[in-house]
Amino acid sequence: MKYALTGCSVIDGTKDCSLRENCNIFVDGAKIVRITDAAEQIPSDYKTIDLSGKYVMPGLINMHAHLFGTGKPSKSLGGGKSQERLIKFMNSSLGMKVLLKLVKNSVTTELNSGVTTVRGVGDLRYSDVIIRDRINAGKMNGPRMLVSGPAITVPGGHGAGTFAEVGEKPDELRKLVQEHREHGVDFIKICVTGGVMDAKKRGEPGELRMNIEQTRAVCDEAHKYGYLVASHTESPEGVETDLLGGVDTVEHGSRLDDKLIALFKEKGAKDICTISAALPLAKLSHEVTQLNEFTQFNAGVVMDGIIECARKCLDNGIPVALGTDASCTFVSHYNTWMEMYYFIKYVGVTNAEAIYCGTLRGAEILGIDKITGSVEEGKCADLIVLSDDPLEDITTLKHPEKVIFRGKIIDDPKVKRLDVIDKAIEQLV
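What comes next concerns the included structure.

What counts, and at which threshold
The numbers attached to residues start from 1 for each chain and follow its sequence in the written order. Only residues with pLDDT of at least 70 get local features here, since the model is predicted, and only at 80 or more are side-chain atom pairs given and counted; chain-wide, interface and lining totals rely on the full set of residues. Only hydrogens and water are removed before side-chain values are computed, so all heavy atoms of the structure are retained for them. To qualify as a helix, a DSSP run of H or I must reach at least 4 residues; to qualify as a strand, a run of E must reach at least 2; elements of each kind are numbered from the N terminus. Salt bridge, as used here: a side-chain nitrogen of Lys or Arg that lies within 4 Å of a carboxyl oxygen of Asp or Glu. Using a 1.4 Å probe on the protein chains alone, a residue whose accessible area is under 20% of its type maximum counts as buried, one over 50% counts as exposed, and one in between counts as partly exposed. Only heavy atoms matter for contacts: two residues are in contact if any of them lie within 4.5 Å across the pair. Think of the arc as the fan of directions from the helix axis to the C-beta atoms. Nitrogen and oxygen atoms within 3.5 Å of one another constitute a polar contact, given that in protein one can donate a hydrogen and the other can accept it, and given that sequence-neighbouring residues count only through two side-chain atoms. Strands are labelled as partners when DSSP assigns at least two bridges between them. Handedness of a crossover is defined as follows: orient the strands so they point away from the viewer, and if the path from the first strand over the helix to the second runs clockwise, the crossover is right-handed. Each axis is a line fitted through C-alpha atoms, and for a helix only the stretch in contact is used; angles between axes span 0 to 180 degrees, taken between their N-to-C directions. These descriptions rest on fixed angle ranges, namely under 35 degrees for roughly parallel, over 145 for roughly antiparallel, 65 to 115 for roughly perpendicular, and the rest for oblique. Each Phe, Tyr or Trp ring, with Trp reduced to its six-membered ring, pairs with another whose centre is within 6.5 Å; inter-plane angles below 30 degrees give stacked pairs, above 60 give edge-to-face pairs, and intermediate values give tilted ones.

**A short note on unusual backbone geometry**
- The phi dihedral of Arg125 falls on the positive side, at around 55 degrees, and the residue is not glycine.
- By the secondary structure assignment, Arg125 is in the loop between β7 (115–120) and α3 (127–136).

Structure (structure tokens):
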């Protein structure tokens, strides 16, 4: 199909994030073939889609999402018998069918909310790989997916027994990488530290679980096959282990001193900022979150660390991209735009910087920037059409008028909203 998006203002998503008014965007199949002034005549073999007064920008890239959940609060997320029963069910044949439906619904929601590329960072039973393959085979619509399969960790590590597989000795960990490769993953996810919910000491979330030798074993094996390695990390000790062990992207992050900043630069590592997951747990009342003061305090520590890590990385020229940690409590698959809002509010960036970090910067980190991430000739038509200028008001991203993915147009996209999430987070915007 050939069509021209006419009369629109284009926000290209590049580092300068320029705004070009009164443009025509010519799309042939999946690609943007030309971007011209609106005065240019539309060839007869192109369908005209009038976008006068509208704004077009790149589709969002959610760099950190789990696809097995919705974000609704659940007792099973806190461990115990409820979680054990759920995991047992998910490991059954019926559970697999339910799991695939959940992942399918999640990626559909991501797409309809404006996310045209999603990176799955830990899901059960390679369900993410299966859905990615269905999308790539044209059996269903969905965003571009890069997926890790289950995360890899050590006994007692974050996600062990749920979304993460476990090994202890270096050989065991290398074998897990090989198994992931056999399943066709796109990258490797590890969990070097614990997190908020499994913290044992007040003020010390992100307890180190994987040592440098274990981390290096995974990274060396992954790099041998050309895989990047992402690590769940929420403490300075974890960041140091990541960087010395060879991790490529530090997910979440923590406080950084001069030594860690120097290591980031030396190793060429990147930071993936995920304010969306920690902020609700830290800022909402106990009545809403149903968490105790101990957990809320630790959530605040993690939140402050994520924000400080992103700010210091930006100040020191270290690449930062954005993810939501969707499926965590109060983090839906339709609120990726809120990570950009939080990034502006708490890290102190401009709207233009947030758009770059939420689009092209992620593509650059993933190595797909020649394909997607910006509105440029020769790239895939992964676009959002908006009624207002996001350079002026980032909240306009909440309701895209159209989502275009690989050239296919979704008019007036809808998502199934969850009242329990919306009522909670409306206090944060």
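**Some remarks on the pattern of salt bridges**
- Counted according to the given criterion, the structure contains 20 salt bridges.
- The partner of Asp186 in a salt bridge is Arg132, and the shortest N-O contact between them spans 3.0 Å. Remark: Arg132 occurs in helix α3 and Asp186 occurs in the loop between α4 (170–183) and β11 (188–191); sequence separation between them is 54 residues.
- Since its relative accessible area comes to 29%, Asp186 is described here as partly exposed.
- Its salt-bridge partner being Glu364, residue Arg361 comes within 3.1 Å of it at the nearest N-O pair. Placement of the pair is Arg361 and Glu364 together in helix α13 (residues 360–366), with a separation of three residues, close to one helical turn.
- On the basis of relative accessible area, Glu364 is assigned to the partly exposed category, the value being 30%.

**Comments concerning α3**
- Within α3, burial applies to Ser127, Asp128, Val129, Ile131, Arg132 and Ile135.
- Looking at the packing, one finds that the buried side of α3 touches α2 (93–112), β7, β8 (144–147) and α4.
- Phi turns positive one or two residues past the end of α3, at Gly138, with a value near 80 degrees.

**Let's talk about helix α7 (residues 258–267)**
- Leu260, Ile261, Leu263 and Phe264 are the residues of α7 that are buried. Seen from one end, α7 has its buried residues packed into an arc of 160 degrees, which puts them on one side. Exposed side of α7, more than 90 degrees from the buried face: Asp258, Lys259 and Glu266 are the residues found there.
- With a side-chain oxygen positioned 3.2 Å from the backbone nitrogen of Lys259, the residue opening α7 is Asp257.
- Of the residues flanking the end of α7, it is Gly268, one or two places downstream, whose phi is positive at about 70 degrees.

**Things to note about the pairing of β11**
- Because side chains alternate across β11, one face comprises the buried residues Ile188 and Ile190, and the other comprises Lys189 and Cys191, equally buried.
- As judged from the four bridges shared by β11 and strand β12 (residues 229–233), these two strands associate in the parallel manner. When the sheet's bridge partners are listed, Ile188 is paired in β12 with Val229.
- Taken together, β11, helix α5 (residues 212–224) and β12 form a β-α-β motif whose crossover is right-handed.

**Things to note about the packing of helix α8 (residues 275–283) against helix α11 (residues 336–347)**
- Packing of α8 against α11 brings their axes to within 9 Å, and their N-to-C directions diverge by 70 degrees. Put simply, α8 runs roughly perpendicular to α11. Listed contacts from α11 to Ile275, Ser276 and Leu279 of α8 are Met338, Glu339, Tyr342, Phe343, Tyr346 and Val347.

**So, the packing of aromatic side chains**
- Per the stated rule, a full pass over the model turns up five aromatic pairs.
- An angle of 85 degrees between the planes, with centres 5.4 Å apart, marks the rings of Phe26 and Tyr46 as edge-to-face. Of this pair, Phe26 sits in strand β2 (residues 19–28) while Tyr46 is found in the loop between β3 (31–37) and β4 (47–50), placing the two residues 20 residues apart along the sequence.
- Classification of Phe26 as buried rests on a relative accessible area of 0%.

**Re the sheet that holds β7**
- The strand order across the open sheet built from three strands is β6-β7-β8, with neighbouring strands paired in parallel fashion. The sheet terminates laterally at β6 (60–65) and β8, the two strands that pair on one side only. Averaged over all neighbouring strand pairs, the angle between strand axes comes to 15 degrees, with direction disregarded.
- Relative to β7, β6 runs parallel, the two being bridged by four bridges. Each residue of the ladder has a partner; that of Ile61, found in β7, is Thr117.
- Strands in contact with α2 are β6, β7 and β8; relative to β7, the strand with the most contacts, it is inclined by about 140 degrees.

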